[in-house]
Amino acid sequence: MNTSSSPSDISATMTLRQLTLITMICSPAFSLTAHAEQTLYSATQGGVIGLNIVPSARMDPSGTITAGVSTLDPYLHGYLGFQIAAPLHINLRQSALTSNFRHEAERLYPGLDTKLRLVKENEYLPEISLGLNSAIGHKRMAAEYIAFSKRYKQFDFTGGLGWGRMGTAGHFKNPFKSISSHFGKSRDYDGELSASPDDWFTGETIGFFGGVEYFPPALPPLSIKLDLGSDRYEAEQSSFDYDVPVPWSLGFNFKPAAWVDFGVAAHGLDKFMGRVTFRGAPSDWPFTASEKPKSAVFTPHRTSGSGSPSAMQTDAHKDGVLLYNTKRDGAIISSGLDLEPHHSTPRQLRMAATNIANNAGAEIETIALRPSKYNLKGPLITLNRRDLENALGRNQGSADEIWRNTEISADAETANAKTSPYAISQFKLDHLHFILDNRVSMAEEDSGALFRSSVVSDLQGPSFFGLIHSGFSMRLNLGNNLERLEEIRPPQLFSVRSDVYAFADDVIALDANYIAATYSFTPEIHAALTGGYLEEMYGGFGGEILYRPFGKRFAFGADGWVALKRNPYTPLHTGFRGDGTLTGHLNGWYDFPESDTVLQVRIGRFLAQDIGASLSLQKNFENGASLSGFVTVTDNADFDLFGGTTHAYNGMRLSLPLGGVPYIPDGSEARFEAAPFGRDMGQALSLPFTLFEATDGFSYDHLARNWHEISE
């Protein structure tokens, strides 16, 4: 293969090795356990679900993460895929111009691929999905497609229409030309500018692709794939002497275990594809926020004597439960419950109710608990003691029976009148936790993949007077390769994050040190005022308000801040430079039913004074892991991966809890983020805490989803 050289040869080779290494590292984690909901289908050479060389309309189960590598002359692909929600797959792909693992890569072509399911298969309709390859990324790999898939017994048929790279076969005229002449414009299949929405579904012609996958009943780990592609490699033919293969391929996929599969295919008669993909879900991995606490044994037999409210609080504290303002009123005991952040609210309700009931005497029939966190108050949860005795003491009841007679009130009258805030909370050692913060970017111009790794020690301070909450954290920088970022993105007079390399230079620095006043007007309306060092690069002050109606899946809020840029050339980065900037957003959230997936939309002013909107989707898992993707678009442009400009900033985040690891404090986690480094546009403050996250334990969805833990 004869190709032109590039200034990024060394970086490309480094990234190629990193891709292979990442896949090898990922494989043991994926193999620890199989995902409960498995898919029959496997990946294409580019990482999305499909046949050998063409995508299908199929999806992985929600929450699945895939990692793999494939080779088909003239490219080696490495990919990391995320099934953020049941209908949405996002794939981070790095394509290297080389046909052999042992050869140096000539160029890198990174991209972000997406697939959105429009119609789910039923008895009459096929599954229909819309896909964008290199939706954001290099133009050489850019393509758009609509795929249709239908299952018949052991056969899964796929057909579709492709634009861009997948339309170079030119089977049909572009049907979108009848809508607008924009879609009929000639399309550049190469060049150094990134793909953009202006390119989507354009071109004079489109291509047809299709194929079938057969699953032999006698060989369940094996499937046979036959497909016909619509890619004619026009960019490669114009760039170097490339022998274009015939468009068909025949191969098989072998899945020896649920967490790994291998693909091999002949592309025409002279080229061969090889692929390995690892697949798993964070919910199945052995990560937990902390070990499940052991509660005191529930005593089903009532004693004649009863302990005082202060004695109940003392016994509960020995069990790791912080009760406050415990009061007796006839046959009712009411108390505030300060939530520990690493366990579900229903589990902590059980622990609190057990300690109260064991000391309550014979006449108490009702236990009313109001959960709180960071001084914020949740709804009043009233439990029937008899139901607790049957389920927890005699094993004759269930969580469903407790739920049936539980009353939950979020009325304004019940907010702060029943329980007054405590003066000074107990300080807990488990308020200390560690964060292993790992960040990586797709290939940058002349730099290959960029990375940064650090450890943040975070200490949540005590609360005072029922209003004040505080936090303190330090950052230890372990390593990075951001030194060349200064050459690519010279610091501006008012840099937002383009000077990240300077913050990563010092071994240790102050990460955050803040104080916040929090208050709940009702269990549905909360507010916070926060000031201090808010994050690694910014200090300042501001506030947030949140309306989160109980029993609803939506929430609304707003925040506003005066942000002060920190100076990385001062001790521990404690100095400031420049004037403050005003930033703030209107926020909206929607919690999708039965999937624990939250959509957030924010509109407002970002740190570079640019105006825009951000959309994120976060999938939360029962073990405390979370997976999210985000995209931000503003009215100002920033440098993209290839030296051009873009109005978009996007990335993926994965958080894995480490509290279950011996000698690691509860609440510790490992964070992995894949997003471009050094961007100035579309940047928001990384706040030390948000009201939406702080009040999640009060939400109806959290209580209902975790209610089974009240009887475990």
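Residues numbered from 1 in each chain as written. Predicted model: local features only at pLDDT ≥ 70, side-chain atom pairs only at ≥ 80, totals over all residues. Heavy atoms only, no water.

Chemist: Is there a simple way to explain the overall build of the protein chain in this structure?
Modeler: Of regular secondary structure, the protein chain possesses 10 helices and 35 strands. By residue count, 56% of the 712 residues in the protein chain fall in the buried class. Here the contacts in the protein chain between residues at least 6 apart in sequence split such that 60% fall between residues at least 24 apart. Within the structure as shown, the protein chain displays about 29,600 Å² of accessible surface, and the carbon and sulfur contribution to it stands at 60%. (Helix = DSSP H or I, 4+ residues; strand = E, 2+ residues; numbered from the N terminus. Buried < 20%, exposed > 50% of the residue type's maximum accessible area, 1.4 Å probe, protein only. Contact = heavy atoms within 4.5 Å. Areas by Shrake-Rupley, 256 points an atom, 1.4 Å probe, with all protein chains shown as cover.)

Chemist: Would you mind showing me how to read helix 4 (residues 345-357) here?
Modeler: Since the α-helix packs 3.6 residues into each turn, any two residues three or four apart lie on the same face. Its 13 residues place the ends of helix 4 18 Å apart at the C-alpha level, agreeing with the 18 Å of an ideal helix rising 1.5 Å per residue. Counting buried positions along helix 4 yields 13 of 13 residues, so the element is predominantly enclosed. For helix 4, the side-chain oxygen to backbone nitrogen distance between the N-cap and Arg347 is 3.3 Å, and the N-cap itself is Ser344. (Expected span 1.5 Å × (residues − 1). Polar contact = N/O pair within 3.5 Å; in protein donor to acceptor, adjacent residues only side chain to side chain.)

Chemist: Even after reading the chapter, I still don't get the nonpolar core, so can you show me in this structure?
Modeler: The nonpolar side chains of soluble globular proteins are, as a tendency, buried together. Ranked by internal contacts, the top residues of the largest apolar core, which has 41 residues, are Leu323, Leu369, Leu383 and Leu388. Element by element, the count of residues in this core is highest for helix 4, at 6 residues. Residues in contact with Leu323, not counting those within four places in the same chain, are Met312, Gln313, Ala316, Ser335, Gly336, Leu337, Ala352, Ile356 and Leu369. Residues Val54, Met141, Ala147 and Ala265 belong to the second largest nonpolar core, which totals 20 residues. (Core = buried A, V, L, I, M, F, W, Y, C linked by side-chain atoms within 4.5 Å.)

Chemist: Please clarify how the environment of Ala258 should be interpreted in this entry.
Modeler: Along the chain, Ala258 turns up in the loop between strand 13 (248-257) and strand 14 (260-267). Distance in space between the C-alpha atoms of Ala258 and Leu40 is 9.3 Å, their sequence separation being 218 residues.

Chemist: What is the right way to look at empty space enclosed by the protein in this model?
Modeler: With a probe scaled to a water molecule rolled over the atoms, the places where space remains empty come into view. Taken as a whole and judged by the stated rule, the model has 10 cavities of 30 Å³ or more. Those elements giving two or more residues to the lining of the largest cavity turn out to be strand 4 (75-85), strand 5 (88-97) and strand 8 (143-152). With 3 residues, the single largest contributor to the lining of the largest cavity is strand 5. The class makeup of the residues in the lining of the largest cavity is 14 nonpolar, 10 polar and 5 charged. (1 Å grid on protein atoms, 1.4 Å probe; cavity = no way out; pocket = protein on both sides within 12 Å on 5 of 7 lines; lining within 4 Å. Points joined across faces, edges and corners; volume = space filled by probe spheres on them. Nonpolar A, V, L, I, M, F, W, Y, C, P; charged D, E, K, R; others polar.)

Chemist: Is there a simple way to explain a negative patch on the surface in this structure?
Modeler: A contiguous patch of negative charge, built from Glu483, Glu486, Glu487 and Asp505, is present on the exposed surface. The residue Asp505 is located in helix 8 (residues 500-505) in this model. (Patch = residues over 30% accessible without salt bridge, like charges linked within 9 Å, V, L, I, M, F, W, Y side chains within 5 Å. Salt bridge = Lys/Arg side-chain N within 4 Å of Asp/Glu carboxyl O. Lys, Arg positive; Asp, Glu negative; His and termini not counted. Charge placed at Lys NZ, Arg CZ, Asp CG, Glu CD.)

Chemist: Quick question: what am I supposed to make of the environment of Ala558 here?
Modeler: Tracing the sequence through the fold places Ala558 in strand 28 (residues 554-567). The class of Ala558 is partly exposed, set by a relative accessible area of 24%. With 27 residues separating them along the chain, Ala558 and His585 place their C-alpha atoms 5.7 Å apart. Setting aside residues up to four positions removed in sequence, Ala558 forms contacts with Gly543, Glu544, Ile545, His585, Leu586 and Asn587.

Chemist: When you look at the packing of aromatic side chains in this model, what are you seeing that I'm missing?
Modeler: The geometry of an aromatic ring pair comes down to the distance between the two centres and the angle between the two planes. Per the counting criterion, the structure on display carries 23 aromatic pairs. On the basis of an interplanar angle of 20 degrees and a centroid distance of 6.1 Å, the ring pair of Phe155 and Phe157 is categorised as stacked. The interplanar angle of 10 degrees and the centroid separation of 5.4 Å between the aromatic rings of Tyr533 and Phe576 together place this pair among those described as stacked. Placement of Tyr533 in strand 26 (residues 525-533) and of Phe576 in strand 29 (residues 575-576) is noted, with a sequence separation of 43 residues between them. Assessed through its relative accessible area of 39%, Phe576 is described here as partly exposed. One aromatic cluster in this structure is built from Trp163, Phe176, Phe183 and Phe201. Lying across the ring of Phe692, Arg548 places its NZ or CZ 4.0 Å from the centre. (Phe/Tyr/Trp six-rings, centres within 6.5 Å; stacked < 30°, edge-to-face > 60°. Lys NZ or Arg CZ within 6 Å of the ring centre and 35° of its normal.)

Chemist: Which parts of the structure should I look at to understand the pairing of strand 8?
Modeler: Sheet topology places strand 7 (residues 127-137) next to strand 8; 7 bridges connect them, and they run antiparallel. Looking at the pairing, Ile128 lines up with Phe148 of strand 8. In this antiparallel pair of consecutive strands, strand 7 and strand 8, the connection spans 5 residues. Pairing geometry for strand 8 and strand 9 (residues 155-164), over 10 bridges, is antiparallel. Paired with Ser149 across the strands is Thr158, a residue of strand 9. Taking the residues between adjacent antiparallel strands as the criterion, strand 8 and strand 9 are bridged by 2 residues, where Lys153 takes a positive phi near 55 degrees. (Pairing = 2+ DSSP bridges.)

Chemist: Before we go on, may I ask you to explain the pattern of salt bridges in this structure?
Modeler: Once their charged atoms are close, side chains differing in charge can pair, the charge on each being opposite to the other. What the rule picks out here adds up to 37 salt bridges. One salt bridge connects Arg140 with Asp190, and the closest N-O pair in it is separated by 2.5 Å. Taken together, the residues Arg140 in the loop between strand 7 and strand 8 and Asp190 in the loop between strand 10 (172-173) and strand 11 (205-214) connect sequence positions 50 residues apart. A relative accessible area of 4% places Arg140 in the buried class. Residue Asp190 is classed as buried on the basis of its relative accessible area of 15%. The closest approach of N and O atoms between Arg165 and Glu236, which form a salt bridge, is 3.1 Å. Of this pair, Arg165 sits in the loop between strand 9 and strand 10 while Glu236 is found in helix 2 (residues 234-239), placing the two residues 71 residues apart along the sequence. Neither Arg165 nor Glu236 differs from the other in exposure class; each is buried. Each of Arg58, Arg117, Glu121, Glu127, Lys150 and Asp156 takes part in one network of salt bridges that share partners.

Chemist: It is not clear to me how the side chain of Lys139 should be interpreted in this structure. Could you clarify?
Modeler: Structurally, Lys139 can be placed in the loop between strand 7 and strand 8. Despite its burial, Lys139 pairs with no opposite charge, the nearest such side chain being Asp199 at 4.1 Å. Residues within four places of Lys139 in sequence aside, it is in contact with Asp188, Tyr189, Asp190, Leu193, Ser194, Ala195 and Asp199.

Chemist: Is there a simple way to think about the confidence of the model for the protein chain in this case?
Modeler: Low-confidence regions, as indicated by low pLDDT, have predicted coordinates that should not be scrutinised in detail. Mean pLDDT over the protein chain works out to 85, with 87% of the residues at or above the 70 mark. Mean pLDDT across the elements of the protein chain ranges from a minimum in helix 1 (residues 9-31), with 47, to a maximum in strand 27 (residues 538-547), with 97. Here residues 1-17 is modelled with pLDDT under 50, and outside its nearest four sequence neighbours on either side it reaches 41 contacts, counting other chains as well. A low-confidence stretch, residues 32-36 (pLDDT under 50), is modelled with 12 contacts involving residues beyond four sequence positions or located in other chains. (pLDDT = per-residue confidence, 0-100.)

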